[in-house]
Amino acid sequence: MTDKPDDAQWGDINDSFLGQIYLVRDEQCIPLRLSRADDRFTWTGVESHDWLQAGGQEASPVFKFVFHSRTDDRIHVHVLGTGSHSGKKLGISRNGYLGLYRVAEVVDHLKLEPLNWEQDLLRCRLRDHLGHQVKAEPDHDNRKVRDAVFLTTGEGAVHDYVIRRV
């Protein structure tokens, strides 16, 4: 891996691109998934099956990353759903959980803190617009990451993430 993106590999990172997000645990890429209607959240204003979780058996969903701005050490993006989730935007609830929103207006961007680059992979830390790291929810019920834990900016375990460009 290299420290900075290679223009020949990533093109202009200031453009939009499609990608999948994976949580890195013990140097393994754990796919993300969107929670299902039978998962534990039933808050109003957000469909109960659109909370971002780490774990599951399938590949991570494809998101559209839309460039917002950048600093020397961060790339700021808006993350949008695709396919049946188009029209939804990744945002953070008042309680710090990441989810796709259709009704609520999401104006805040996410920050990608690049750690390493490969041809179609970016290893990074994810942060909210205030700089809080995205974590895997604490293991309260002896669950493991593979059991689909929720992603949060609140209490939890800090992880790196891999974004695979598709």
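What you see is a predicted model, and the numbers here were worked out from it, not measured in a lab.

Counting its secondary structure elements, the chain contains 1 helix and 13 strands. Each helix and strand of the chain, ordered N terminal to C terminal, gives the series α-β-β-β-β-β-β-β-β-β-β-β-β-β. Within the chain, buried positions represent 47% of all 166 residues. Here the analysis covers contacts within the chain between residues at least 6 apart in sequence; of these, 58% occur between residues at least 24 apart. Per element, the accessible surface of the chain, about 8,700 Å² overall, is 45% carbon and sulfur.

Our focus in this paragraph is the packing of aromatic side chains. With the rule as written, the count across this model stands at 3 aromatic pairs. Centre to centre, the rings of Phe17 and Phe65 are 4.9 Å apart; their planes meet at 5 degrees, and the pair counts as stacked. Here Phe17 is found in strand 1 (residues 17–25), whereas its partner Phe65 is found in strand 4 (residues 62–70), with 48 residues between them in sequence. Pairing Trp51 with Tyr101 gives two aromatic rings, centres 6.3 Å apart and planes at 80 degrees, and the pair type is edge-to-face. With Trp51 in the loop between strand 2 (28–34) and strand 3 (52–54) and Tyr101 in strand 7 (residues 98–101), this pair connects stretches of sequence that are 50 residues apart. Note on accessibility: Trp51 and Tyr101 belong to one class, buried.

Our focus in this paragraph is the confidence of the model for the chain. Summing up the model confidence of the chain, the mean pLDDT is 83 and the portion of residues at 70 or higher is 78%. Contacts of residues 41–47 to residues separated by more than four positions or lying in other chains number 15 contacts, the stretch itself having pLDDT below 50.

The subject of this paragraph is unusual backbone geometry. With glycine set apart, most residues show a phi of negative sign, and most peptide bonds adopt trans. Its identity is not glycine, yet Asp26 carries a phi of approximately 55 degrees, on the positive side. Position of Asp26 among the secondary structure elements: in the loop between strand 1 and strand 2. Asp26 sits in the exposed class, given a relative accessible area of 68%. Of note in this structure, Glu27 is not a glycine but carries a positive phi near 60 degrees. Examined against the element boundaries, Glu27 turns out to sit in the loop between strand 1 and strand 2.

Calculation criteria
- Residues numbered from 1 in each chain as written.
- Predicted model: local features only at pLDDT ≥ 70, side-chain atom pairs only at ≥ 80, totals over all residues.
- Heavy atoms only, no water.
- Helix = DSSP H or I, 4+ residues; strand = E, 2+ residues; numbered from the N terminus.
- Buried < 20%, exposed > 50% of the residue type's maximum accessible area, 1.4 Å probe, protein only.
- Contact = heavy atoms within 4.5 Å.
- Areas by Shrake-Rupley, 256 points an atom, 1.4 Å probe, with all protein chains shown as cover.
- Phe/Tyr/Trp six-rings, centres within 6.5 Å; stacked < 30°, edge-to-face > 60°.
- pLDDT = per-residue confidence, 0-100.

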